[in-house]
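# A structural walkthrough
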Amino acid sequence: MKKIFFAFPSNRAGTVDRVAKGLSPDNELYGLNHMSKLGFEAGYSDAYSPVQRILDLIFLPLYKLFQRQIDIGFHLGRAILMFLKVNSSDVALTNTDSIGLPVCFLKRLGLIKPPIVYAVGLFYIQGELKVAIDSGKNTLFRRFYTWILSGADHIIYHSPIEKEKLVKLGLYNPAYCTFISMGSDGNFFKNLTNSEFIIQNSELILSVGRDHARDYKTLFLAAEKLPELNFVVICSQRNIDRLIVPKNVKVLLNLPYREVAEWYQKADVVVIPMKEMHRSSGQMTLTDAIQAGKPIIASDVVGIAHYGLKNGQDALLVSPENVKQLAEAINKLILDIILRRKLGQGTRKLARRFTTENYAGNIVEAVKLATDGIRLRPLKKKDLEFMRRLRNENRQYFLDNSYISKPAQQKWFEQYRRKTGDYMFILEDKRKSIGAGAIYNIDLVNKTAEIGRFAVDKQFYGRGYGKLMLNKILSVAKNELRLSKLKLEVYKDNKRAVNLYKASGFQVERAFKTVEGKKILLMIKSIYEKDK
């Protein structure tokens, strides 16, 4: 059984204990408690606070640098305290950027040996780096930041907006980046519903959340327009500083999660008011409300867009910071019990998808990709001569079969690096380059792409690497890019390749001839995306 180490940004022993006692959902364990039944031995390490505080003081200038540049901390002291346990594991999973970045930093310095799976938390939110990236400046810190992140063997992101940031940094590649939706502990809410806790039938609007994106100003202004309704807001003091709380709003600060969940059960409607921060936000509150089976009103922000909520069917979506829309949506749901029931049924259907158990299963798939001895990786500059040799040795199989010189290969690479929707992969077996392939002409709107440029080093012919590479690229197309149709072109007389494609589900769409008279087959494969 492989060992997976969970690197958390803060201590988790208390959370593990509360989860075991049924006092808290397992959301903040990020799949840790599900690993054993998925075939992994999971571990974590809590830091001894006095020692960490000393290390934090030593590395305070570095912490302040990251705080200024990305508005996120850099807990290098904590990473140093856990690196021995990381090295005794087969793979490490970092949760949130404040611990993920220093772990990757130690990996780049050669102090950490196992593969690192980096789960993006907030990524860079704001600060000087965001300004530099938005203006296209390649600052020294930007280069340092991307150098650190490139220490990750696999990157998990939780929102399409995070993918956009990876693309801007030049770090996104579908071979080692995986999208996984966050989930909540369905069993916790199910057990609570079946407990002796009595659900009251008062008309109550609940709002929960403590992150910076929460917009209680707009909620309070909407509540003032609905004085006959009762609101409960569960948050931190910082969320309501300098805000005037209406008389019909009860604010509860920093409640234990068991009490928060009981308020979910009391509520008639859950409202998730958010500012548009152009980052992941509100996901955990959304999935908690989904697990509680409550009708939801949410701000229509990019941070939750990937959950695919259908307005009027799964939830009511309102424009961010729009008081009038929010007040009207709340009033509509309170008055329309049939719509409330409809939305509640919609969230209960979604609940089966967005669970921590499903999240853990998807984490395991990403871990397998990171630890697989035979894997795809992005093409790098160091691969150009290997690529040129492969291309020239196999040029009879390419539609453009001209000889490739070193300058021509370099020119192609410079053009390739500027492209979007074109990913060239190297197939490795235990870090040894075996072959190459690509997926390109990607159309995410119509969910189509083309695959090809396949070549395997002659010394590895007959070992099944071509089939392995094809299957891995098909997996990327299906599970990460979520495409529905792929096409390729191949010479009809390349029997070995044609048979491989047919065995993999490709069908001949049509045949045509080159100017030299050689027959080419256009082959198509339909694929279906995997729910995550």
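This text follows the structure it describes.
These remarks concern the structure in this document. Note that the structure is predicted; figures quoted are calculated from it, not measured.

Per the secondary structure count, the protein chain includes 20 helices and 19 strands. The C-alpha extent of the protein chain, read off along each of the three principal axes, is 80 × 55 × 45 Å. By residue count, 54% of the 532 residues in the protein chain fall in the buried class. When contacts within the protein chain are restricted to residue pairs at least 6 apart in sequence, long-range pairs at least 24 apart make up 68% of them. Carbon together with sulfur atoms contributes 51% to the accessible area of the protein chain, which is approximately 24,700 Å² in total. A gap of 6 Å separates the mean positions of the 84 positive and 53 negative side-chain charges of the protein chain.

Attention shifts here to the packing of aromatic side chains. Centre-to-centre distance and the angle between the planes together describe a pair of aromatic rings. Scanning the model with the defined rule gives 24 aromatic pairs in all. Between Phe66 and Phe141 the ring centres are 5.1 Å apart and the planes differ by 75 degrees, which places this aromatic pair in the edge-to-face class. Residue Phe66 is found in helix α3 (residues 60–70), and its partner Phe141 is found in helix α7 (residues 140–149); the two are separated by 75 residues along the sequence. On the basis of relative accessibility, which here comes to 7%, the residue Phe141 falls in the buried class. Clustering of aromatic rings is evident, with ring pairs tying together Phe66, Phe74, Phe105, Phe141, Phe144, Tyr145 and Trp147. Here the basic side chain of Arg453 rests over the ring of Tyr440, its NZ or CZ set 4.1 Å away from the ring centre. The ring of Tyr461 carries Arg496 above its face, with NZ or CZ at 5.1 Å from the centroid.

It is worth spelling out the environment of Gly462 at this point. Here Gly462 shows up in the loop between β16 (448–456) and α19 (465–480). Relative accessible area serves as the criterion here: at 82%, Gly462 is assigned to the exposed category. Each C-alpha atom, one on Gly462 and one on Trp263, is 63 Å from the other, the two residues being 199 residues apart in sequence.

Inspection of the secondary structure assignment puts Arg391 in helix α17 (residues 384–393). Of the side chains bearing the opposite charge, Asp400 lies closest to the buried Arg391, which forms no salt bridge; the N-O distance is 4.2 Å. Those residues in contact with Arg391 that lie beyond four places of it in its chain are Phe398, Asp400, Asn401, Ser402 and Ile404.

Turning to the sheet that holds strand β15 (residues 432–443), a few remarks are in order. Here we have seven strands laid out as an open sheet, ordered β13-β14-β15-β16-β17-β19-β18, and mixed in their pairing. The open sheet terminates on both sides in strands that have one partner only, identified here as β13 (374–378) and β18 (507–513). The mean angle between the axes of side-by-side strands here comes to 25 degrees, regardless of whether they run parallel or antiparallel. Two strands pair when backbone bridges link them, and β16 and strand β17 (residues 485–491) are joined in this way by three bridges, in the parallel orientation. For Ala449, the partnering residue across the bridge sits in β17 and is Leu486. Sheet strands touched by α17: β14 (422–429), β15 and β16. Its angle to β15, the strand with the most contacts, is close to 85 degrees.

Turning our attention to the sheet that holds strand β1 (residues 2–7). The parallel open sheet is built from six strands, whose spatial order is β2-β1-β3-β4-β5-β6. Each end of this open sheet is capped by a strand with a single partner; those strands are β2 (40–44) and β6 (177–179). Adjacent strand axes in the sheet meet at a mean angle of 20 degrees, parallel and antiparallel pairs treated alike. Relative to strand β4 (residues 116–119), strand β3 (residues 91–95) runs parallel, the two sharing four bridges. Residue Leu93 lies in a different strand from β4, and its bridge partner there is Val117.

With that settled, the discussion passes to the side chain of Glu428. Tracing the backbone through its elements, the reader meets Glu428 in strand β14. Given a relative accessible area of 7%, Glu428 falls into the buried group. At a separation of 2.5 Å, a polar atom in the side chain of Glu428 contacts the side chain of Arg377. The contacts of Glu428, once residues within four sequence positions are left out, are Gly373, Ile374, Arg375, Arg377 and Ile434.

Take helix α4 (residues 76–87) next. Taking 1.5 Å of rise per residue, twelve residues should cover 16 Å, and α4 covers 16 Å from first to last C-alpha, within 8% of that figure. If you check which residues of α4 are buried, you get Leu76, Gly77, Arg78, Ala79, Met82 and Val86.

To continue, consider the pairing of strand β11 (residues 296–299). The two faces of a sheet get side chains in turn, since along a regular strand they alternate between them. Every second residue of β11 is oriented toward a common face, with Ile296 and Ala298 on one face and Ile297 and Ser299 on the other, all of them buried. Pairing between β11 and strand β12 (residues 316–318): three bridges, direction parallel. In the strand pairing of β12, Ala298 is matched with Leu317.

Turning to empty space enclosed by the protein, a few remarks are in order. Counted according to the given criterion, the structure contains two cavities of 30 Å³ or more. Lining the largest cavity are ten residues; nearest its centre among them are Ser181, Arg353, Phe354, Thr355 and Asn358. Among the residues making up the lining of the largest cavity, the classes are represented as three nonpolar, five polar and two charged. Looking at the lining of the second largest cavity, its residues break down into three nonpolar, four polar and two charged.

A surface patch of like charges, here positive, comprises Lys492, Lys495, Lys502, Lys513 and Lys519. By secondary structure assignment, the location of Lys519 is in strand β19 (residues 519–526). Of the residues examined, Lys519 reaches a relative accessible area of 40% and is grouped as partly exposed.

Cut-offs used in this document
The residue count restarts for each chain, going from 1 along the sequence in the order it is written. Local features in a predicted model are, by the rule used here, given only for residues with pLDDT of at least 70; side-chain atom pairs are given and counted only at 80 or more, and totals for whole chains, interfaces and linings are based on all residues. As a rule here, side-chain values cover all heavy atoms of the structure and leave hydrogens and water aside. Secondary structure follows DSSP: runs of H or I at least 4 residues long count as helices, runs of E at least 2 residues long count as strands, and numbering of each begins at the N terminus. Burial classes follow relative accessibility: with a 1.4 Å probe on protein chains only, a residue under 20% of its type's maximum area counts as buried, one over 50% as exposed, and anything between as partly exposed. By the convention used here, residues are in contact when the closest approach between their heavy atoms is within 4.5 Å. Methods summary: accessible areas were calculated by the Shrake-Rupley approach with a probe of 1.4 Å, and residue burial reflects only the protein chains presented. Asp and Glu are treated as the negative residues and Lys and Arg as the positive ones, with His and the ends of the chain left uncounted. A charge is said to be at NZ when it belongs to Lys, at CZ for Arg, at CG for Asp and at CD for Glu. For Phe, Tyr and Trp, where Trp contributes only its six-membered ring, two rings pair if their centres lie within 6.5 Å, and the inter-plane angle classes them as stacked under 30 degrees, edge-to-face over 60, or tilted in between. Geometrically, a charge over a ring is one whose NZ (Lys) or CZ (Arg) sits within 6 Å of the ring centre while staying within 35 degrees of the ring normal. A pair is scored as a salt bridge if a Lys or Arg side-chain nitrogen falls within 4 Å of a carboxyl oxygen belonging to Asp or Glu. For two strands to be treated as a pair, DSSP must find at least two bridges joining them. The angle between two axes is taken between their N-to-C directions and runs from 0 to 180 degrees, where each axis is a line fitted to C-alpha atoms and a helix contributes only its stretch in contact. Two N or O atoms count as a polar contact when they lie within 3.5 Å, although within protein this holds only if one can serve as hydrogen donor and the other as acceptor, and sequence-adjacent residues are included solely when both atoms are side-chain atoms. The span expected for a helix works out to 1.5 Å for each residue beyond the first. A cavity here means a set of points on a 1 Å grid, drawn over the protein atoms and nothing else, where a 1.4 Å probe fits but cannot get out; a pocket is an open set with protein on both sides within 12 Å along at least five of seven lines, and a residue lines either one if it has an atom within 4 Å of a point. Grid points are joined across faces, edges and corners, and a volume is the space filled by probe spheres set on the points. Residues were grouped as follows: Ala, Val, Leu, Ile, Met, Phe, Trp, Tyr, Cys and Pro as nonpolar; Asp, Glu, Lys and Arg as charged; and all remaining residues, including Gly, as polar. Surface patches are defined over residues having more than 30% relative accessible area and no salt bridge, joining like charges when they lie within 9 Å and nonpolar side chains (Val, Leu, Ile, Met, Phe, Trp, Tyr) when within 5 Å.

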